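Coordinates in review
Single-letter residue listing:
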Amino acid sequence: MNAIKGFFVEKVYGFIKEHSLITATALFAVTVGVVAMIVFSVSDKTADVNGDNVNGTSEEMVLTGDTDDDIQDLTLRCDEYPEINEVMETYHKALADNDQETIKKYLLYVNENELVNIEVKSQYIESYDDIHCYTQEGYEEGSYYVYVSYQLKMVNFDVTIPGLVGLYYCPNEAGEYHIYRKADMSETVLNNYYSAYMKQEVQDLYNTVDLNYNGILDSNPDIKTYMDGFEELVTNEMVEMIALRENSESAQQSESESASSEAESESESAPETTEIVMATTTVNVRSSDSETADKLGKVSTGTKLTRLEERVNGWSKVIYEGQEGYIKSEFLEVVSTEEGGNATNGYVTVKENVNIRASASEDAERIALAYQGTKLELIEHMSNGWTKVKYNGEVAYVKSDYVE
């Protein structure tokens, strides 16, 4: 099942590793699954279940229930809960249709990098058909382990491909259900899931889907070849889309003198003083200085961040994956301080996805791809329509039209 695994597993593709400033959160291993956000491994039984869990000293534990005194029912039931079937059908339809608002509604957290991948892949996915939900009782009260089987219909192919993905469907403290990923779960819940997953009924289900999948590809060499190359196809299309837009905007460069002049005046502003801080434990990163704010992700012990501001309310504003985020100050320690003499004049924010180049030329080597909202350290706004920035500690260049 390597083809379908490569297509549907959420991982940071080689393209993302080389070109993205947004590093996707470490996700839950390999699965025969949906496009880019699902939580459970269904094929790699040796996945590390401790990779990025919040430890006991972090800001907060996402899941806090205790079922030690309860008897957990791990009997596998098919289509037992109509409301779960309805959610999974709606969610998978949103993946096929690139309905990003619905995707954000059901997933506890999804970053921009994942949404770009979904958008591109949705051009080639026609639908998820014949959806069935196999459920086991989850670790938390009212939660479920849900194994969603479906028939994947690709555009321009009549044959459908069988698939199966494991999810954790769990309510938060307010009773609102979400699809949880590894980063949102405690080590206890992860271990409990693996115990449920190893039940013979579940293994039989996966084996059946695996056999059916291999049978379809063996009897349809065209679609097998297509699926084998799908990941590379999507990656190349993302790069080409950015390059085409960049070239189109370049044709209008002569009309942007006023914008360049404004950018140059901004570069003359006083440089900021920032601190490099290090996380002393694994801790959540929030969108604002509140424990109830949206979670952007989490950082592990030893992670170094640029701190923009230490607030009196006990929170610190930091740069996290190219955007501003907030971490409780008690979980950070200062490593070093960067004064204005380091030739850093603050930050610029990427307005639209843009390539980062090794020099101020469209023909220069492309170092990375910066996504909308990414913050870059500013060195200089140049009069030739380019902005000099610092990326991964090195000098780099982006088109001035794409930053502010």
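Residues numbered from 1 in each chain as written. Predicted model: local features only at pLDDT ≥ 70, side-chain atom pairs only at ≥ 80, totals over all residues. Heavy atoms only, no water.

1. Some remarks on the sheet that holds strand 1 (residues 77-78)
Overall, antiparallel pairing links the five strands, which are arranged 1-2-3-4-5 in an open sheet. Where the open sheet ends on each side, the last strands, each with one partner, are strand 1 and strand 5 (177-180). Inspection of the sheet shows strand 3 (residues 144-154) paired to strand 4 (residues 160-171) by ten bridges, in the antiparallel sense. Pairing of Val148 across the sheet is with Val165, part of strand 4. Here helix 7 (residues 200-219) sits on the sheet and contacts strand 2 (125-137), strand 3 and strand 4; the angle it forms with strand 4, its principal contact strand, is near 150 degrees. (Pairing = 2+ DSSP bridges. Helix = DSSP H or I, 4+ residues; strand = E, 2+ residues; numbered from the N terminus. Contact = heavy atoms within 4.5 Å. Axes fitted to C-alpha atoms, helices over the stretch in contact; angles between N-to-C directions.)

2. A closer look at the packing of aromatic side chains
Scanning the entire structure with this criterion turns up 15 aromatic pairs. Judged by centre distance (5.9 Å) and plane angle (20 degrees), the ring pair of Tyr193 and Tyr197 falls under stacked. With Tyr193 and Tyr197 both in helix 6 (residues 187-197) and four residues apart, this pair spans about one turn of that helix. Its relative accessible area of 0% is what places Tyr193 among the buried residues. Here Tyr197 falls in the buried class, since its relative accessible area comes to 1%. Joined through ring pairs, the aromatic side chains of Tyr145, Tyr147, Tyr168, Tyr180, Tyr193, Tyr194, Tyr197 and Tyr206 make up one cluster. When the ring centre of Trp386 is taken as origin, the NZ or CZ atom of Lys399, which lies over that ring, is 5.5 Å away. (Phe/Tyr/Trp six-rings, centres within 6.5 Å; stacked < 30°, edge-to-face > 60°. Buried < 20%, exposed > 50% of the residue type's maximum accessible area, 1.4 Å probe, protein only. Lys NZ or Arg CZ within 6 Å of the ring centre and 35° of its normal.)

3. With respect to the pattern of salt bridges
Where charged atoms from two side chains of opposite charge approach closely, those side chains can pair. Throughout the structure, instances matching the rule amount to twelve salt bridges. Glu126 serves as the salt-bridge partner of Lys153, at 3.3 Å between the closest nitrogen and oxygen. Taken together, the residues span a long stretch of sequence, with Lys153 in strand 3 and Glu126 in strand 2 at a distance of 27 residues. For Glu126, a relative accessible area of 43% gives the class partly exposed. (Salt bridge = Lys/Arg side-chain N within 4 Å of Asp/Glu carboxyl O.)

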